[in-house]
Amino acid sequence: MKIMNKINKYIVLAVFCMTAVGCGDFLEESSQDKDYIHSWKDLNELLLGDCYLPVNNTGAYTSYNNLGMFIHLLADEMEEQNLGNGINDAIGNVHHYMFGAVTWQPRIGASENNTEWYTENREWKAFYKYINVANNVIEEAKSVPQDNSQEVEGVNKVLGEAYFLRAFYYFWLTNMYGQPYDVNKASTDLGVPLKTSPEIQDVFFKRNTVQECYDQIEADLLKAEEHLSKVTSARQSLYRANVEAVRMLLSRFYLYANDWQKCIEYSEKIISDHSALENLRTSTDKFMLETNPENIFSMGGDDLMRMMSSMYQSTRVSLDLYNSYSINDIRKSAWFWNFGTFTGLIRRTPGKVSTDVESDDRSWYNTCYYYPSTGLKSPVSSVFWLRTGEAYLNLAEANAYLGKEDEAKRVLSVLLNNRYVEGAKELVLTETGDQLIDRIRNERRLETPFEGHRWFDLRRYRTCSVHPEKIELIHTYTVYREHQSGNIVETRLYTLEKEDQAWTVNIPYEVLEFNVGMPGNTTNQTREYVIVATPN
């Protein structure tokens, strides 16, 4: 379409300038392309096609189908799978691409032999492109007609969505590539570059502070709330932002920013308007469905079904996570499938309902989930998913930080009564003080696995103004003789220590290479490891 092609050209050039080359030759593109915007409907089309994350087909990790998947490899939710049904039962040409993330390398695109380098800036480049789309929508909305009530509401709609999306992308970028929010250091700690104007700038970009990033995110979300609260027409779909999505993200934002009272305010607003929880005691539905009553918003997809398998050179749900669920926790059987040391994720509908392989057969997961998932689209994202369950957790955590323990327990109990069997001992909350905070944090881990929370949660606990917590993480990485077999050379053990610089992922190499003088997040060049016995 003429509008889309012209605007896309302008946006791509702007992002190209931020990440690759100088842009002096392109400074004249702006004025001529803006002539193709005539109404809020044009801006709405631009948002839908070029600002929301697409839901791509489920694919192998190396296919880079859906953005942000590497976040699942960083924390303690996944671990490698080094056992198959025979030496040749292995996933081919995938495992080694995970090396940089699994072992917290200074360059996340590093290969296991440090002689190859894979692309590191996919998320960075894509999210800044989407941010620049939002910048253009916000700018152009000032000049489109608002001659009747429909046009006024349309402008509020596109403005609200643009502010929300810009905030969501900056929130993710800041928490991935910036230091975790510390009330005492946020004004000097480095975040990510902020660009809120649509103009192309022939400059090298510098990193803003974490506080500046958080101030921008908050301002955008409050503007999004202002505009979307004026939209009275029925919501179009789960995949378009509304005022509930904004308030859910504000609840999370204020929790990260240590503003407990504001977190409580927005969590209560969400629960007041959207209190529904999926009752696992009675529901037989898969959890990651478009019809889940907890859904508030989702964009982007999920590749986890193609990242896990019971074969060599693959990954699985970590045994530590799986064993953290008690026998009384319905989530353990509803969300996970276990056979021996392998545990797979079954929150999505299987790609195939097998009639010839029973669920207690070791090949069941590969048959029903891994192989047939290729080409399927996930109903909700495993990274950009907002749902009611989180609102209860945010509200309980914020109340606990303020010493309002009875209220924290009351709120948490509502969630737990939808997750544990009746009469479970876990439903009796006797913890107080730091132990209550620990319980809430643990329930957060159990409630939100593989939703893009855990790595960010571990980081924010480190700098939390109440009951800060620092832990070590241990990952193994196994080197194979070939990329398509189970012939093992050695297994290396890597430790992410409590004060390790790698608790913040380094700025992508491509960005640092172009933006001369931009500081990264680590001074380390390599990571040490020890050789250990290969875990099955």
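Model, not experiment: these values are computed from the prediction. (Residues numbered from 1 in each chain as written. Predicted model: local features only at pLDDT ≥ 70, side-chain atom pairs only at ≥ 80, totals over all residues. Heavy atoms only, no water.)

**What about the overall build of the chain?**
Phase 1 of the analysis: The number of helices and strands found in the chain is 17 helices and nine strands.
Phase 2 of the analysis: Scaling as 2.2 N^0.38, a compact globule of 536 residues should have a C-alpha radius of gyration of about 24 Å, and the chain matches this with 23 Å.
Phase 3 of the analysis: Dimensions of the chain, computed from C-alpha atoms along their principal axes, come out at roughly 65 × 55 × 50 Å.
Phase 4 of the analysis: Sequence-distant contacts, at least 24 apart, represent 74% of the contacts inside the chain between residues at least 6 apart. (Helix = DSSP H or I, 4+ residues; strand = E, 2+ residues; numbered from the N terminus. Rg over C-alpha atoms; globule rule 2.2 N^0.38 Å. Contact = heavy atoms within 4.5 Å.)

**Observations concerning the sheet that holds strand β9 (residues 530-532)**
In a beta sheet, neighbouring strands pair by backbone hydrogen bonds and run either parallel or antiparallel.
Phase 1 of the analysis: Taken together, three strands build an open sheet; the order of strands is β7-β8-β9 and the sheet is antiparallel. Two strands bound the open sheet, and with one partner strand each, they are β7 (473-480) and β9. Averaged over all pairs of adjacent strands, the angle between their axes in this sheet comes to 40°, without regard to strand direction.
Phase 2 of the analysis: Sheet analysis places β7 next to strand β8 (residues 488-496), joined by eight bridges and oriented antiparallel. Considered in β8, the bridge of Y480 is made with I488. (Pairing = 2+ DSSP bridges. Axes fitted to C-alpha atoms, helices over the stretch in contact; angles between N-to-C directions.)

**A word on the side chain of R240**
Phase 1 of the analysis: Its place among the elements puts R240 in the loop between α7 (210-228) and α8 (243-256).
Phase 2 of the analysis: Residue R240 is classed as buried on the basis of its relative accessible area of 6%.
Phase 3 of the analysis: When residues no more than four places from it in sequence are discounted, the contact partners of R240 are N44, L48, Y52, K157, E161, R235 and F297. (Buried < 20%, exposed > 50% of the residue type's maximum accessible area, 1.4 Å probe, protein only.)

**Here's the deal with the confidence of the model for the chain**
Segments scoring low in pLDDT should not have their predicted coordinates read at a detailed level.
Phase 1 of the analysis: When pLDDT is averaged along the chain, the result is 92; 93% of the residues meet or exceed 70.
Phase 2 of the analysis: Across residues 1-17, where pLDDT falls below 50, the model places 44 contacts with residues more than four positions away in sequence or in other chains.
Phase 3 of the analysis: This model gives residues 19-32 a pLDDT under 50, and the stretch forms 23 contacts once residues within four places in sequence are excluded. (pLDDT = per-residue confidence, 0-100.)

**Some points on the nonpolar core**
One broad trend across soluble globular proteins is that nonpolar side chains are buried collectively.
Phase 1 of the analysis: In this structure, F164, W172 and W455 are the most contacted members of the largest nonpolar core, which totals 157 residues.
Phase 2 of the analysis: The greatest single-element share of this core, amounting to 16 residues, is contributed by helix α6 (residues 149-177).
Phase 3 of the analysis: Sequence-distant contacts of W455, that is, excluding residues within four places in its chain, are made with I71, L74, A75, W104, M176, L473, L496, A502, W503 and V505. (Core = buried A, V, L, I, M, F, W, Y, C linked by side-chain atoms within 4.5 Å.)

**Observations concerning the environment of A241**
Phase 1 of the analysis: Here A241 is to be found in the loop between α7 and α8.
Phase 2 of the analysis: Note on A241: relative accessible area 6%, which makes it buried.
Phase 3 of the analysis: When the C-alpha positions of A241 and Y181 are compared, they lie 26 Å apart, and in sequence the two are 60 residues distant.
Phase 4 of the analysis: With sequence-adjacent residues up to four places away left out, A241 is seen in contact with Y52, E161, F164, L228 and F297.

**As for the packing of aromatic side chains**
Phase 1 of the analysis: Following the criterion strictly, the structure yields 41 aromatic pairs and no others.
Phase 2 of the analysis: Ring geometry for Y97 and Y118: centres 4.3 Å apart, planes at 35°, overall tilted. On the criterion of sequence distance, the pair formed by Y97 in the loop between β1 (78-81) and α4 (99-102) and Y118 in the loop between α4 and α5 (122-140) is long-range, its members being 21 residues apart.
Phase 3 of the analysis: With a centroid separation of 6.3 Å and 70° between ring planes, the pair formed by W172 and F456 is classed as edge-to-face. Linking W172 in helix α6 with F456 in helix α16 (residues 454-462), this pair joins segments that are 284 residues apart in sequence.
Phase 4 of the analysis: We classify W172 as buried; its relative accessible area is 3%. (Phe/Tyr/Trp six-rings, centres within 6.5 Å; stacked < 30°, edge-to-face > 60°.)

**Comments concerning the environment of I200**
Phase 1 of the analysis: Residue placement: I200 occurs in the loop between α6 and α7.
Phase 2 of the analysis: The exposure class assigned to I200 is buried, which follows from its relative accessible area of 12%.

**Comments concerning unusual backbone geometry**
Phase 1 of the analysis: The backbone of N93 sits at a positive phi, close to 55°, despite the residue not being glycine.
Phase 2 of the analysis: Mapped onto the elements of the fold, N93 is located in the loop between β1 and α4.
Phase 3 of the analysis: For N93, a relative accessible area of 36% gives the class partly exposed.
Phase 4 of the analysis: Non-glycine residue Q313 carries a positive phi angle of around 60°.
Phase 5 of the analysis: Examined against the element boundaries, Q313 turns out to sit in the loop between β2 (295-298) and β3 (314-317).

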